[in-house]
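# Geometric and topological summary
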Amino acid sequence: MDSFDRHILRILQQDGRISNQQLAGEVGLSAAACWRRVKALEDKHVIRKYAALIDADAVQQGLCVLVMVSLLRHSVDHTKAFEEAMKGCEEVLQCYAVTGNADFMLRVVLSDIKAYDQFLNEKVFPLEGISQVHSNFSLREIKSETALKV
């Protein structure tokens, strides 16, 4: 990855809807060369996807919960089952395998506490191998960025 690719990535992280012509002008490449570079970055999965960032409160999804989940045992079956279950939950925006006092950390976004209770009772607690679930409710968002330093 060279300086042109990095410049392309910085611009696309700020404006994923920029036209190829405008992007090429800002980077200092021809439109064709810029398109080839963007396509190569997509093909290599450096650019994973394009998305619109939506204000959660505007769509009545203002409850953000950081959930720490511990498993009873670190068996491959329980771990795999938990990971697959979380991949299928639209409320779970991020799921990380972590070190420390828990095995997984989730960022769950929902409408309200009732929806969170339902999420736990229907999608987390029924899973085999769950030992503990600790919930931390976000009071307010201080910083939320999506752009990586490239």
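Let me begin by describing the structure that accompanies this report. (Residues numbered from 1 in each chain as written. Predicted model: local features only at pLDDT ≥ 70, side-chain atom pairs only at ≥ 80, totals over all residues. Heavy atoms only, no water.)

### Let's talk about the sheet that holds strand 2 (residues 92-97)
With antiparallel pairing, the four strands of this open sheet are ordered in space as 2-3-1-4. Of all strands in the sheet, those bounded by a partner on one side alone are strand 2 and strand 4 (130-137). Across this sheet, the average inter-strand angle for adjacent strands is 20 degrees, counted without regard to direction. Bridge count for strand 2 against strand 3 (residues 104-110) is five bridges, and the pairing is antiparallel. Bridging from a neighbouring strand, A97 pairs with F104 of strand 3. Sheet contacts for helix 4 (residues 76-87): strand 1 (63-71), strand 2, strand 3 and strand 4; angle to strand 3, the most-contacted strand, approximately 20 degrees. Here helix 5 (residues 113-124) sits on the sheet and contacts strand 1, strand 2, strand 3 and strand 4; the angle it forms with strand 4, its principal contact strand, is near 165 degrees. (Pairing = 2+ DSSP bridges. Helix = DSSP H or I, 4+ residues; strand = E, 2+ residues; numbered from the N terminus. Axes fitted to C-alpha atoms, helices over the stretch in contact; angles between N-to-C directions. Contact = heavy atoms within 4.5 Å.)

### Some points on the pattern of salt bridges
Per the counting criterion, the structure on display carries five salt bridges. Note that K39 is salt-bridged to D43, the shortest N-O span being 3.1 Å. Of the two residues, K39 and D43 are both situated in helix 3 (residues 31-43); the distance of four residues between them amounts to about one turn of the helix. The class of K39 is partly exposed, set by a relative accessible area of 33%. For E84, the salt bridge goes to K87, with nearest N and O atoms at 3.3 Å. Of this pair, E84 and K87 are both found in helix 4, three residues apart, which corresponds to roughly one turn of the helix. What makes E84 partly exposed here is its relative accessible area of 40%. Taken together, the shared-partner salt bridges in this structure form one network comprising D2, D5 and R37. (Salt bridge = Lys/Arg side-chain N within 4 Å of Asp/Glu carboxyl O. Buried < 20%, exposed > 50% of the residue type's maximum accessible area, 1.4 Å probe, protein only.)

### Thoughts on the packing of aromatic side chains
The geometry of an aromatic ring pair comes down to the distance between the two centres and the angle between the two planes. In the structure shown here, the tally under the stated rule is three aromatic pairs. With a centroid separation of 4.5 Å and an interplanar angle of 40 degrees, the aromatic rings of F82 and F104 are classed as tilted. You can see F82 sitting in helix 4 and its partner F104 sitting in strand 3, a full 22 residues away along the chain. Overall, the relative accessible area of 1% leaves F82 in the buried class. The exposure class assigned to F104 is buried, which follows from its relative accessible area of 3%. Here the aromatic rings of Y116 and F137 are separated by 5.6 Å at their centres, their planes lie at 85 degrees, and the arrangement is edge-to-face. Here Y116 is found in helix 5, whereas its partner F137 is found in strand 4, with 21 residues between them in sequence. With relative accessibility at 3%, the residue Y116 sits in the buried group. Taking relative accessible area as the criterion, F137 reaches 38% and is therefore assigned partly exposed. Here the aromatic cluster, defined as three or more aromatic residues joined through ring pairs, consists of Y116, F119 and F137. (Phe/Tyr/Trp six-rings, centres within 6.5 Å; stacked < 30°, edge-to-face > 60°.)

Spatial relationships are all this shows, so hold off on functional conclusions.
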